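Chain by chain, the residues run as shown.
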Amino acid sequence: MERKALLKLAEELSNARGVSGFEDEVLAVLRRHGGHLGELSEDSLRNLYLSRRENRGGRPVVQLDAHSDEVGFMVRAVRPNGTLAFTPLGGWMPCNIPAHRVLVQTAEGDYIPGVVASKPPHFAGTGERNAVPAVEDMGIDIGASSREEVLRDFHIRIGAPVAPDAAFQYQEGRDLMIGKAFDCRLGCAALVQTLDLLAGKDLAVDVTGAFAVQEEMGMRGAAVTANRVKPDVAIVFEGCPADDTVAEPWLVQTAIHKGHLVQHKIIVIAAVRAVNAAQHRKGAVRPEAGPHPIGKVQADVEAPVAGKAHRGDLDIL
Ligand SMILES: [Zn+2]
């Protein structure tokens, strides 16, 4: 895949709105860019599978894994004043939410702009100014002035997905990308690129790419893809959090311009099952991160396998 085509894929994937449970736009991009690389299929959760045409069964199976969803929000209620109460999807820290520009899906499936509002400093008491507002006290302001207006004119419904609004940009001179949802859309791009690199090659294994939904909500999609593909080896493409601005230099694992799994490199994790490998890997790389609870799908992993995956991760990074 040409570098220009890869950047275009990264741009379309990053811009696609696909909070957990609403990954449709992401799947459309993946189908458009990856459909020629193998057989496409979906399950009822909307996990997308891309299997090499050369697969013939009776051989070891390699699963390439990435997730299609991103963190975002969902409309929880419409207030009488026309602002939208919302609930986070994925592992947000409340201090990072206010002042975000967002896009709210309408009943027709379009997205309209909004901004996450909190109480202005002019009206905040002394204690409130320095405190992080609770999510329950924030609201998405779409410019409506009443509940009726929200429902009648803006066509916003309870349960509507809300995606962060951040257009992808690439600075050629600095070779820098800025945008949203790099976790894990760049993993999705890397997966497509990998299948592209393998196209037409004679392999000793069958290879299936699986784009899992709802990873940010407890790995719901991957629990299904691992059981459907039943891989012998899993290669997980995941967007690790960047720690080069927060960690001691000797602890840094993911640093800008130091090589990154979502640009050109592939992180390989061998384990018994795909989800088990993914779970353990995340435990190793970001032990204090909240949104990836260890699920029961991990329970059957043998300890030596997990330990091996951990050391491999750290060595690679
Ligand atoms: Zn991720």
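Residues numbered from 1 in each chain as written. Predicted model: local features only at pLDDT ≥ 70, side-chain atom pairs only at ≥ 80, totals over all residues.

Visitor: Quick question: what am I supposed to make of the overall build of the protein here?
Guide: Scanning the protein for helices and strands turns up eight helices and 13 strands. When the 317 residues of the protein are sorted by exposure, 39% land in the buried category. (Helix = DSSP H or I, 4+ residues; strand = E, 2+ residues; numbered from the N terminus. Buried ≥ 20, exposed ≤ 12 C-beta atoms within 10 Å, placed from the backbone.)

Visitor: What am I meant to see in unusual backbone geometry here?
Guide: If a residue is not glycine, its phi is most likely negative; likewise, a peptide bond is most likely trans. Residue Cys-184 is reached from Asp-183 by a cis peptide bond, and omega for that bond is 15°. Among the secondary structure elements, Cys-184 is positioned in helix H5 (residues 182-198). Residues other than glycine seldom take positive phi values, yet Arg-46 does so here, at roughly 80°. For Arg-46, a count of 20 C-beta atoms within 10 Å corresponds to the buried category. With a phi angle near 60°, Ala-181 is a residue other than glycine that sits in the positive phi range. With respect to the element layout, Ala-181 can be found in the loop between strand S11 (176-178) and H5.

Visitor: In this structure, what is going on with H5? I would like to understand it.
Guide: Note: α-helices contain 3.6 residues per turn, so residues at a spacing of three or four share the same orientation. Over its 17 residues, H5 runs 23 Å from end to end, which matches the ideal 24 Å to within 8%, given 1.5 Å per residue. Along H5, 13 of the 17 residues are buried, which leaves the element largely enclosed by surrounding structure. Gly-200 lies just past H5 and shows a positive phi near 80°. (Expected span 1.5 Å × (residues − 1).)

Visitor: Explain the sheet that holds strand S13 (residues 233-236) to me, please; I cannot follow it from the model alone.
Guide: Remark on secondary structure: sheet strands pair via backbone hydrogen bonds, oriented parallel or antiparallel. With mixed pairing, the five strands of this open sheet are ordered in space as S1-S2-S12-S3-S13. Both outer strands of the open sheet, strand S1 (39-42) and S13, are each paired with one neighbouring strand and no more. The sheet shows a mean angle of 20° between the axes of neighbouring strands, direction not considered. Pairing geometry for strand S3 (residues 61-67) and S13, over four bridges, is parallel. Paired with Asp-65 across the bridge in S13 is Val-236. Strand contacts of H5: strand S2 (48-51), S3 and strand S12 (206-212), with the helix running at about 150° to S3, the strand carrying the most contacts. (Pairing = 2+ DSSP bridges. Axes fitted to C-alpha atoms, helices over the stretch in contact; angles between N-to-C directions. Contact = placed C-beta atoms within 7 Å.)

Visitor: Which parts of the structure should I look at to understand the pairing of strand S5 (residues 84-89)?
Guide: Look at any regular strand and the pattern is simple: side chains alternate between the two faces of the sheet. When strand S4 (residues 72-78) meets S5, the two strands line up antiparallel, connected through six bridges. Paired with Gly-72 across the strands is Leu-89, a residue of S5. Hairpin geometry of S4 and S5 is characterised by an intervening segment of five residues between the two adjacent antiparallel strands and by a positive phi of about 95° at Gly-82.

Visitor: Explain the environment of Glu-215 here, please?
Guide: Structurally, Glu-215 can be placed in the loop between S12 and helix H6 (220-229). A residue is classified by how many C-beta atoms lie within 10 Å of it, and Glu-215, with 29 of them, is buried. A C-alpha to C-alpha distance of 9.1 Å links Glu-215 and Ala-66, two positions 149 residues apart in sequence. Non-local contacts of Glu-215, meaning those with residues more than four positions away in its chain, are made with His-67, Asp-69, Cys-184, Gly-221 and Ala-222.

Visitor: For this particular structure, what's the right way to read the confidence of the model for the protein?
Guide: Detailed reading of predicted coordinates is not advised where the pLDDT is low. In this model, the protein carries a mean pLDDT of 85, and residues with pLDDT of at least 70 account for 82%. Low pLDDT (under 50) marks residues 262-273, which in the prediction has 36 contacts with non-local residues, meaning those over four places away or in another chain. Low confidence marks residues 283-317, where pLDDT is under 50. Its contacts with residues over four positions away, or in another chain, come to 49 contacts. (pLDDT = per-residue confidence, 0-100.)

Visitor: Even after reading the chapter, I still don't get the nonpolar core, so can you show me in this structure?
Guide: For soluble globular proteins, nonpolar side chains are generally found buried alongside one another. Judged by nonpolar contacts, the single largest core of 39 residues is most densely connected at Leu-13, Leu-30, Cys-188, Ala-189 and Leu-191. Looking at this core, the elements with two or more residues in it are helix H1 (3-15), helix H2 (24-34), S2, S3, H5, S12, H6 and S13. Per-element accounting of this core gives the leading share, nine residues, to H5. What Leu-13 contacts, discounting residues up to four positions off in sequence, is Val-26, Val-29, Arg-185, Cys-188 and Ala-189. Membership of the second largest hydrophobic core comes to 22 residues, among which are Phe-73, Leu-84, Ile-142 and Ile-156. (Core = buried A, V, L, I, M, F, W, Y, C linked by C-beta atoms within 7 Å.)

Visitor: I would appreciate a short explanation of the environment of Ser-14 in the present structure.
Guide: By the element assignment, Ser-14 lies in helix H1. Since 25 C-beta atoms lie within 10 Å of it, Ser-14 is described here as buried. Separated by 168 residues in the primary sequence, Ser-14 and Phe-182 place their C-alpha atoms 6.3 Å from one another.

Visitor: I tried to follow H2 on my own but got confused; where do I start?
Guide: All of the buried residues along H2 are Val-26, Leu-27, Val-29, Leu-30, His-33 and Gly-34. Down the axis of H2, the buried set is contained in an arc of 160°. They therefore lie on one face. Where the residues of H2 are buried, they touch H1, S2, H5 and S12. (Arc of directions from axis to C-beta.)

Visitor: Looking at this structure, how should I read the packing of H2 against H5?
Guide: To describe two helices that pack against each other, one gives the angle between their axes and the distance between the axes. The N-to-C vectors of H2 and H5 enclose an angle of 20°; their axes lie 11 Å apart at closest approach. Considering the angle they form, H2 stands roughly parallel to H5. In the crossing of H2 with H5, the sense of the turn from one axis to the other is right-handed. Contact with H2, carried on its side by Leu-30, His-33 and Gly-34, involves Cys-188, Val-192 and Leu-195 of H5 and no other residues of that element. (Parallel < 35°, antiparallel > 145°, perpendicular 65-115°, else oblique. Left-handed = near helix turned anticlockwise from the far one by under 90°.)

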